[in-house]
Amino acid sequence: MYHRVLTEPDPLQPDVPHQALLAEQFRTLAGAFNVLPLHEAAELLRSGGLPPGAACITFDDGYRDNHDLALPLLREFKLPATVFVASGFLNGGRMFNDSVVETVRRLDTGEIDLSRVGLGKRLVSDLSSRRTLIGELTKAVKYLDPVERDDFCEDLCRRAGSHLPTDLMMEDKHVKAMSDAGVDIGGHTVNHPILARVDGEAARREIETNRDHLTTLTGRQPLCFAYPNGKPNLDYTSAHAGMVTSAGYRAAVSTAVGVASEDADPFQLPRFMPRERSAAQFVARMVRMATHRHRQVAD
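All residue numbers here refer to positions counted from 1 along the written sequence of the relevant chain. In keeping with the predicted nature of the model, local features appear solely for residues at pLDDT of at least 70, side-chain atom pairs appear and are counted solely at 80 or more, and the whole-chain, interface and lining totals rest on all residues. Each side-chain value is worked out from all heavy atoms of the structure, with water and hydrogens disregarded.

**What about helix H1 (residues 19–32)?**
Inference 1: For helices the rule is a DSSP run of H or I covering at least 4 residues; for strands it is a run of E covering at least 2, with both sets numbered from the N terminus onward. The span you would expect from a helix comes to 1.5 Å times its residue count less one. If you check H1, its first and last C-alpha atoms are 20 Å apart, about what 14 residues at 1.5 Å a residue would give, namely 20 Å.
Inference 2: Looking at H1, one finds that the buried residues are Leu21, Leu22, Ala23, Gln25, Phe26, Thr28 and Leu29. Any residue under 20% of the maximum accessible area for its type is buried, any over 50% is exposed, and the rest in between are partly exposed; the area is computed with a 1.4 Å probe on protein chains only.

**Focus: the packing of aromatic side chains**
Inference 1: Aromatic pairing here means that ring centres of Phe, Tyr or Trp (its six-membered ring) are within 6.5 Å. Orientation follows from the plane angle: under 30 degrees is stacked, over 60 is edge-to-face, and everything else is tilted. Enumeration according to the criterion identifies 5 aromatic pairs in this entry.
Inference 2: Seen from their ring centres, tyrosine 2 and phenylalanine 26 are 6.1 Å apart, and the 85° between their planes marks the pair as edge-to-face. Of this pair, tyrosine 2 sits in the segment before H1 while phenylalanine 26 sits in helix H1; the two residues are 24 residues apart in sequence, bridging distant segments of the chain. Side by side, tyrosine 2 and phenylalanine 26 carry an identical accessibility label, which is buried.
Inference 3: Taken together, the ring pairs in this structure connect Phe225, Tyr227, Tyr236 and Tyr249 into an aromatic cluster.

**What about the environment of alanine 252?**
Inference 1: Structurally, alanine 252 can be placed in strand E9 (residues 251–257).
Inference 2: For alanine 252, a relative accessible area of 0% puts it in the buried group.
Inference 3: For the pair alanine 252 and threonine 28, spaced 224 residues apart in the sequence, the C-alpha separation amounts to 25 Å.
Inference 4: Sequence-distant contacts of alanine 252, defined by excluding residues within four places in its chain, comprise Phe225, Tyr227, Val244, Pro266, Phe267, Gln268 and Leu269. The criterion used for residue contact is that any of the two residues' heavy atoms lie within 4.5 Å.

**Re the nonpolar core**
Inference 1: Counting 33 residues, the largest nonpolar core has Leu22, Phe26, Leu29, Ile57, Phe59 and Val83 as its most contacted members.
Inference 2: Of all elements in the fold, only H1, helix H3 (64–76), strand E4 (82–85), helix H7 (172–180), helix H8 (200–218) and helix H10 (279–298) reach the threshold of two or more residues within this core.
Inference 3: Here this core gets 5 residues from one element, more than from any other, and that element is H3.
Inference 4: With near-sequence residues (within four places) excluded, leucine 22 lies in contact with Tyr2, Val5, Phe59, Ala70 and Leu73.
Inference 5: Each nonpolar core is a collection of buried residues, namely Ala, Val, Leu, Ile, Met, Phe, Trp, Tyr and Cys, held together in the definition by side-chain atoms within 4.5 Å. Core analysis: the next-biggest nonpolar cluster, separate from the first, contains 18 residues, Leu12, Leu119, Ile134 and Cys153 among them.

Right, here's the structure in full:
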C-alpha cells in the first residue's frame, strides 16, 4: 500500500518513498513475486486458486505523483496496480494531512498555540520538532468533525503566511490517462470521511457518488474500494462493507496490517505499507508475511 511518491527523499516525510526507491521495490516485485490486479487476486483468493507468491500494488487517495512518477515505473516493469481515488480532491484539492505537512514546513521558528486541538503550545524550530509536530497534529485532527477539521486546517494555513500547493492531487485527465494505461481506478469516497463518523445516508452517498464520478471519468465502473483511513471497527464497520457490496464492488481493502488468507473477507482485505529502504529487507519482509499467511491457513 502506497500513497505518495516523491522525486527526492523528504526529511519531513521519511516514510514516503522517492522514485528511485520505488523503482527498486517494483523491480523486486516484478522479479520475485506474482503481481496480480487486485480484483483478480481477490477472486482467486475467494475460489482458492491464488498462485504462490501473489502480491498486489495499491495507491490511496489520488495523488498527482501517482501519474507522473509511479505510472512510468509500472509501465517499465509491466506491473498492474490499483489507484484508489477520493474524487472530491481532484483538480486542485488538498487533503487535511497535506495541509498539516505543508503548513508545518513553512512555519517560522517560534512558538505556536495549538490549544484548540489539545496540544497546547509547541516550539517550532529544527527538523526534528517539525516532524514530531506533524505526527501530533495529524493524530489530533484526524478524528475531528469534518467541518471543524477543515476550519482548523484553514486557520493553520493562514498562520503559515504563504500559499500552500494546490497541485498535489490528480486532475480528471490524469485519472483517465492512468485508466487508459491499464491501471485499475478504485473507489475511495468523495471527501475521504471516516465513514464511522458520519451517518449512514451520508456514508452511502459518499460511496456511490464517488463510484459514479469515477465511472464517468474512466468509462469503467470501479471494481475495488478502499475504506478511508481503513481501521476495521474504528473507521468503518460491517455496515459500510455492506454498502460497498451493494454499490457493485467486487472487493475492498482496509488498512489492517497483514496478508490475506483463504478465509479472509473479500470486502475487508488487509494490506501493509512497505517501509524498507533496501531490496533485501523488502524481500525478507514479503517472504515473512507470506510464510505467516501459509501458517494461518495450515492452522
